[in-house]
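Observations on chain architecture
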Amino acid sequence: MHELSIAMNLVQIAEEAARKAGASQVTVLYLRVGVLSAIVPEALRFGFEIVTDGTMLAGARLEIEELPVRIFCEHCAAEADLPNPQIFCCPTCQRPTGHMVQGRELELTSLEVT
Amino acid sequence: MSDLPKRLIDVRQHVLSKNDHLAHGLRQRYDQAGVRVFNLLSSPGAGKTRLLEETLRRLGDRYRVAALVGDLATDNDARRLARSGAVVRQIETGGLCHLEADLVTRHLEGWDLADFDFLFIENVGNLVCPTSYDLGEHGRVVLMAVTEGEDKPLKYPGTFRWADLVLISKIDMAEAAEFDSAAARASIASVHPDATIIATSARTGAGLDEWLAWLETRGIRHEIS
């Protein structure tokens, strides 16, 4: 359960960005979270509510876009999304591949502010 | 809610960028000092401390070795490891479930890293949270004991996926635990097709030569993310 630490990092980054933009309140945070980021969105929401109390983010909504694992298959010379992050095989040709191009993101993309 | 106009601002920042920045600084310090650093991850009880005890003792004949040991509470592990003759320091996280670059930085204070050839960081026993935090290490080692079940890598793909080395520990207990080595290796390969795997026993010494050889050759810089 390190989502509380993550939530605290979020507050810090968002407040800094909002202040820099001259905003007074953050209303929505847009996040991109890879399925292999080791983050549980529900736990993050829970931690987020606790740590945002009394900050510019109080009452803000978390919009989390979950990203599947995407691999690059050298055989097919193409990228593909894995239906299951536990099986690193190309879903098209079934060959094993370790070349991951997406799935570990934990990024604050943008903020809606007033 | 207020009637103030809403607007969108671009951030595009990795949420753990502060940790990554500190880890980058640590990596530079390690490289300048010429010390090779390894981060050990596993669930509680997989045998990290026992393996480290044996590793420090054996490497200590030829190299200057040190260890940072992370635990939620107590300095039992540090006292145990210090018996090997290595320089050891405990990081009591006070409940934090993982080590962060900031904690490592603070616990390196007073040490001259150039005094060491190898530094081991034993992370808090936990297969989830430590994964997200780069500690500037040159190699990330994930342990799974034969008593844990062959499908552990499938349950924690995010952790095993980023292992530079997977150590199957307590291999001397394989028979008693009815451990299926082929199934375990297949699980690891499923989430990490290029994984290097070594089976070890700190008790009997099985696989330890191979493990030490891996450590000695692993000097290359390694960016985690």
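Shown above is the structure to which this text applies.
Calculation rules
- Residues numbered from 1 in each chain as written.
- Chains lettered and ligands numbered in written order.
- Predicted model: local features only at pLDDT ≥ 70, side-chain atom pairs only at ≥ 80, totals over all residues.
- Helix = DSSP H or I, 4+ residues; strand = E, 2+ residues; numbered from the N terminus.
- Rg over C-alpha atoms; globule rule 2.2 N^0.38 Å.
- Buried ≥ 20, exposed ≤ 12 C-beta atoms within 10 Å, placed from the backbone.
- Pairing = 2+ DSSP bridges.
- Axes fitted to C-alpha atoms, helices over the stretch in contact; angles between N-to-C directions.
- Contact = placed C-beta atoms within 7 Å.

Before going further, it helps to spend a moment on the overall build of chain B. From N to C terminus, chain B includes eight helices and eight strands. Relative to a compact globule of 225 residues, whose C-alpha radius of gyration would be 17 Å, chain B shows 19 Å and is just as compact. Each of the three principal axes of chain B carries a C-alpha extent, and together these read 70 × 40 × 35 Å. Here chain B holds 225 residues, and 48% of them are scored as buried.

Our focus in this paragraph is the sheet that holds strand S2 (residues 36-41) of chain B. Residues and elements named next belong to chain B. Taken in spatial order, the seven strands make up an open sheet running S4-S3-S5-S2-S6-S7-S8, and their pairing is parallel. Every interior strand has two partners, whereas the edge strands, strand S4 (87-92) and strand S8 (197-199), have only one. Averaged over neighbouring strand pairs, the angle between their axes works out to 20° when direction is ignored. Two elements, strand S3 (residues 65-71) and S4, share six bridges in a ladder whose sense is parallel. Bridging across to S4, Gly70 finds its partner in Ile91.

An order of S2(A)-S1(A)-S6(A)-S1(B) is seen for the four strands of this open sheet, with the pairing classed as mixed. The open sheet is flanked by strand S2 (61-67) of chain A together with strand S1 (7-14) of chain B, the only strands paired with a single partner. Direction aside, the axes of adjacent strands within the sheet are offset by 20° on average. As defined by bridge partners, strand S1 (residues 26-34) of chain A adjoins S2 of chain A across seven bridges and the pair is classed as parallel. Bridge pairing links Val33 of chain A to Glu66 of chain A in S2 of chain A. Sitting on the sheet, helix H1 (residues 3-20) of chain A touches S1 and strand S6 (106-113) of chain A together with S1 of chain B, and the angle it makes with S6 of chain A is about 45°.

Purely geometric stuff here, so don't read any function into it on its own.
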